[in-house]
Amino acid sequence: MASHRLVQWITKTVGINAAEAVYSELNKRHFEDGERLNNPDMLAKVAAEVAGVNQQEATDFVIGPQGLNEIRSAQKLLSDLGIHSIPTFIMGGQMIVNGAVKSDELVRIFRRIEKSGQSFDGSVFADVLGIPEAIMEKEFLHVAQA
């Protein structure tokens, strides 16, 4: 749970792109290098190296209880939505597709959402994880302008 909390803290303090980079590095270290995701020193080091946060602040965060309630709330939301596997896609804020999906199936779903005229602006999890709207807007505007 420490790695999940760390990624959410980085999302809130630095932004989504930095958090995604940290998440990617943590996956590499865990799945390829065999490192444990509950090692506070490794987590803080990755946060400092990849996201540019102060390593001591990251250590203090990881060993403390901050963010625990948000992660537990997100886990409950996942359970309530019936999400139990990776990958899971939530499209249009309501359609859930579990497991690996062929691209033509995703296109079919996107076309159905497009045809319905419905839109969903936002994140299913931002509120429960306490990610400020300013972070969401900043990161998505950055991606849209790239």
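Here, every reference points to the structure presented above.
I will try to describe carefully the structure that is included in this document. Note that this is a predicted model, so its numbers are computed, not measured. Note that residues are indexed from 1 along each chain, following the sequence as it is written. In keeping with the model being predicted, local features are shown solely for residues with a pLDDT of at least 70 and side-chain atom pairs are shown and tallied solely at 80 or more, while totals for entire chains, interfaces and linings include all residues. Remark: hydrogens and water are excluded; side-chain values derive from all non-hydrogen atoms of the structure.

### Points about the overall build of the chain
Worth spelling out the cut-off: Numbered from the N terminus, helices here are DSSP runs of H or I no shorter than four residues, and strands are runs of E no shorter than two. Only protein chains enter the accessibility calculation, which uses a 1.4 Å probe; a residue whose area is less than 20% of its type maximum is buried, one above 50% is exposed, and one in between is partly exposed. We call two residues in contact whenever any of their non-hydrogen atoms come within 4.5 Å of each other. Accessibility throughout is a Shrake-Rupley quantity obtained with a 1.4 Å probe, and a residue counts as covered only by protein chains that appear here.
Broken down by element type, the chain carries eight helices and two strands. The order of α-helices and β-strands along the chain, N terminus first, is α-α-α-α-α-β-β-α-α-α. Buried positions account for 32% of the 146 residues belonging to the chain. Taking contacts inside the chain between residues at least 6 apart in sequence as the whole, the part at least 24 apart equals 54%. Element-wise, carbon and sulfur atoms account for 52% of the exposed surface of the chain, whose accessible area totals about 9400 Å².

### Some remarks on the nonpolar core
Among soluble globular proteins, nonpolar side chains are generally buried collectively. Our working rule: Residue types Ala, Val, Leu, Ile, Met, Phe, Trp, Tyr and Cys, when buried and joined through side-chain atoms within 4.5 Å, form a set referred to as a nonpolar core.
Of all hydrophobic cores here, the largest spans 19 residues; its most connected members are Leu6, Trp9, Ile10, Val22, Leu26, Leu43 and Ala58. Among the elements of the structure, helix H1 (2-13), helix H2 (16-32), helix H3 (40-51) and helix H4 (55-63) are those that each provide at least two residues to this core. Considering each element in turn, this core owes the most residues, six residues, to H3. The contacts of leucine 6, once residues within four sequence positions are left out, are Leu43, Ala47, Ala58, Phe61 and Val62. Listed in part, the nine residues of the second largest apolar core include Ile16, Ile71, Phe125 and Leu129.

### Considering H1
Just so we agree on the cut-off: The span you would expect from a helix comes to 1.5 Å times its residue count less one.
Over its 12 residues, H1 extends 16 Å from the first C-alpha to the last, a length consistent with the 16 Å expected when each residue adds 1.5 Å. When you tally the buried positions in H1, you get nine out of 12 residues, the bulk of the element. Listed in full, the buried residues belonging to H1 are Ala2, Ser3, Arg5, Leu6, Val7, Gln8, Trp9, Ile10 and Thr11. Among the residues trailing H1, glycine 15 stands out with phi positive, at a value near 135°.

### Brief notes about the packing of aromatic side chains
To keep it simple, the criterion reads: Two aromatic rings from Phe, Tyr or Trp, using only the six-membered ring of Trp, form a pair when their centres are within 6.5 Å; if the ring planes differ by under 30 degrees the pair is stacked, by over 60 it is edge-to-face, and anything between is tilted. The criterion is that NZ of a Lys, or CZ of an Arg, lies within 6 Å of the ring centre and within 35 degrees of the ring normal, and then a charge sits over that ring.
Under the definition given, this model contains one aromatic pair. Taking the centre distance of 5.1 Å and the plane angle of 15° together, the rings of tryptophan 9 and phenylalanine 61 count as stacked. Of this pair, tryptophan 9 sits in helix H1 while phenylalanine 61 sits in helix H4; the two residues are 52 residues apart in sequence, bridging distant segments of the chain. By relative accessible area, tryptophan 9 is classed as buried at 15%. By relative accessible area, phenylalanine 61 is classed as buried at 9%. Above the face of the phenylalanine 61 ring, arginine 5 is positioned so that its terminal group lies 5.0 Å from the ring centre.

### Quick notes on the packing of H1 against H4
How two helices pack is summed up by the angle between their axes together with the distance between the axes. Keep this limit in mind: In this analysis an axis means a line fitted to C-alpha atoms, helices contributing only their contacting stretch, and an angle means the value between N-to-C directions, from 0 to 180 degrees. Here is the rule for angles: anything less than 35 degrees is roughly parallel, anything more than 145 is roughly antiparallel, 65 through 115 is roughly perpendicular, and the remaining ranges are oblique. Rotating anticlockwise by less than a right angle from the far helix to the near helix defines a left-handed crossing, while the corresponding clockwise rotation defines a right-handed one. Residues are grouped as follows: Ala, Val, Leu, Ile, Met, Phe, Trp, Tyr, Cys and Pro are nonpolar; Asp, Glu, Lys and Arg are charged; every other residue, Gly included, is polar.
Where H1 contacts H4, the two axes come as close as 9 Å, and the packing angle between them is 130°. In terms of orientation, H1 lies oblique with respect to H4. Of the two elements, H1 crosses H4, and the hand of that crossing is right-handed. Every residue of H4 that contacts H1 at Ala2, Arg5, Leu6 and Trp9 is listed here: Glu57, Ala58, Phe61 and Val62. A class-by-class count of the residues in the contact of H1 with H4 yields six nonpolar, no polar and two charged.

By themselves, these are just geometric observations and shouldn't be taken as functional.
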